[in-house]
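Each chain, letter by letter, is given below.
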Amino acid sequence: MIRTVESSAHASAPVLAAYSYCEAVTGQQARNFAYGIRLLPTPKRRAMSALYAFSRRVDDIGDGALTDDVKVARLEDTRALLTRIREGSVDEDDTDPVAVALVHAARHFPIPLGGLDELIDGVQMDVRGESYETWDDLKVYCRCVAGAIGRLSLGVFGTEPGARGAERAPEYADTLGLALQLTNILRDVREDAEGGRTYLPADDLAKFGCSAGFGGPTPPEGSDFVGLVHFEVRRARALFAEGYRLLPMLDRRSGACVAAMAGIYRRLLDRIERDPEAVLRGRVSLPGREKAYVAVRGLSGLDARHVTRRAVRRRV
């Protein structure tokens, strides 16, 4: 069982200001993430915002227009800051609000901060321009940039006392992160190609005649692009099915947060499956009203109850 300590209500003024900064960053930049964390009680919401703000900083370094050598130096500076955060050596009056907030969050929740080291490792893979021959190769990257975020988030959520199979909660959180990341990769295949990045495994691209890449609004001539997308969608759905086993292990509001975030991505996956070539024409997204519906559904506990019923049927 993973316990949490929700005692940040008496945080000092500098810490509260630092959390406010992180929440502002999250609200402005986290399109899908923010819908989930709004459902959390204040201490958990603040801690998740601190995690997001730090992760956003790392991602922005990798995605920015800096030269590769400058990106590497910035990432190492960020890793050094993370060491200070882990050691608790950032003072409350430090000028970096993200560091201040994350130190406080890590003192009140059992957050495995090593996951942020993994995120930095993953972004360094981007900077090096790595590509992936097989799904097993891509999983290493996905676990760094998304699975680690799942495990970090679980440190904030905790698991319910007596939850069946709770020892596997980190594994399920990791797998759910992989599902979200693979959905991201499918959604952003054209955008990534324009930036010189290819994430889908080379083996899969070759199998479906897509090795030429995705530099335009139409699939490579003679390819089975639809078959490729449907193949990856099935893989993502299997990951979602496994990762959703986490939901019954969480308290109601933490489960609602996870269900909302994952539900938004599952609906994105549905849209991609219905019209695979849409990802080559532009960015596939959900309207705000649909995201709000998914959040309400998560808060109702429908997804968690559905997972629990399926688990019971398997045991019978």
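Keep in mind that what you see is a predicted model, and the values were worked out from it rather than measured. (Residues numbered from 1 in each chain as written. Predicted model: local features only at pLDDT ≥ 70, side-chain atom pairs only at ≥ 80, totals over all residues. Heavy atoms only, no water.)

Peer 1: Describe the overall build of the protein, and please don't skip the residues or the numbers.
Peer 2: Within the protein, the secondary structure is distributed over 15 helices and zero strands. For 316 residues, the compact-globule estimate of 2.2 N^0.38 gives 20 Å, and the protein sits close to it at 20 Å. Each principal axis of the C-alpha atoms in the protein carries an extent, and together these give about 65 × 55 × 35 Å. Residue burial in the protein is summarised as follows: out of 316 residues, 52% are buried. Considering only residue pairs separated by 6 or more positions, the protein has 74% of its internal contacts joining residues 24 or more positions apart. As displayed, the protein has an accessible area near 14200 Å², and 50% of this comes from carbon and sulfur atoms. Once the 45 positive and 44 negative side-chain charges of the protein are each reduced to a mean point, those two points are 9 Å apart. (Helix = DSSP H or I, 4+ residues; strand = E, 2+ residues; numbered from the N terminus. Rg over C-alpha atoms; globule rule 2.2 N^0.38 Å. Buried < 20%, exposed > 50% of the residue type's maximum accessible area, 1.4 Å probe, protein only. Contact = heavy atoms within 4.5 Å. Areas by Shrake-Rupley, 256 points an atom, 1.4 Å probe, with all protein chains shown as cover. Lys, Arg positive; Asp, Glu negative; His and termini not counted. Charge placed at Lys NZ, Arg CZ, Asp CG, Glu CD.)

Peer 1: Got a sec to walk through the packing of helix 1 (residues 13-29) against helix 5 (residues 97-108)? Specific residues and values, please.
Peer 2: Where helix 1 meets helix 5, the closest approach of the two axes is 8 Å, and the angle between their N-to-C directions is 110 degrees. Regarding the angle of helix 1 to helix 5, the classification is roughly perpendicular. Contacts between helix 1 and helix 5 involve Pro14, Val15, Ala18, Tyr19, Tyr21 and Cys22 on the former and, on the latter, Pro97, Val98, Val100, Ala101, His104 and Ala105. For the contact of helix 1 with helix 5, the residue count by class is 11 nonpolar, one polar and no charged. (Axes fitted to C-alpha atoms, helices over the stretch in contact; angles between N-to-C directions. Parallel < 35°, antiparallel > 145°, perpendicular 65-115°, else oblique. Nonpolar A, V, L, I, M, F, W, Y, C, P; charged D, E, K, R; others polar.)

Peer 1: Describe the pattern of salt bridges, listing the residues and the values that go with them.
Peer 2: According to the stated counting rule, one finds 29 salt bridges in the structure shown. For the salt bridge of Arg235 with Glu232, the shortest nitrogen-to-oxygen distance reads 3.1 Å. Linking Arg235 with Glu232, this pair stays in helix 11 (residues 225-243), spanning three residues, or about one helical turn. Like Glu232, Arg235 is buried. The shortest N-O distance in the salt bridge between Asp275 and Arg281 comes to 2.5 Å. The network of salt bridges with shared partners includes Glu76, Arg79, Arg86, Asp117 and Asp121. (Salt bridge = Lys/Arg side-chain N within 4 Å of Asp/Glu carboxyl O.)

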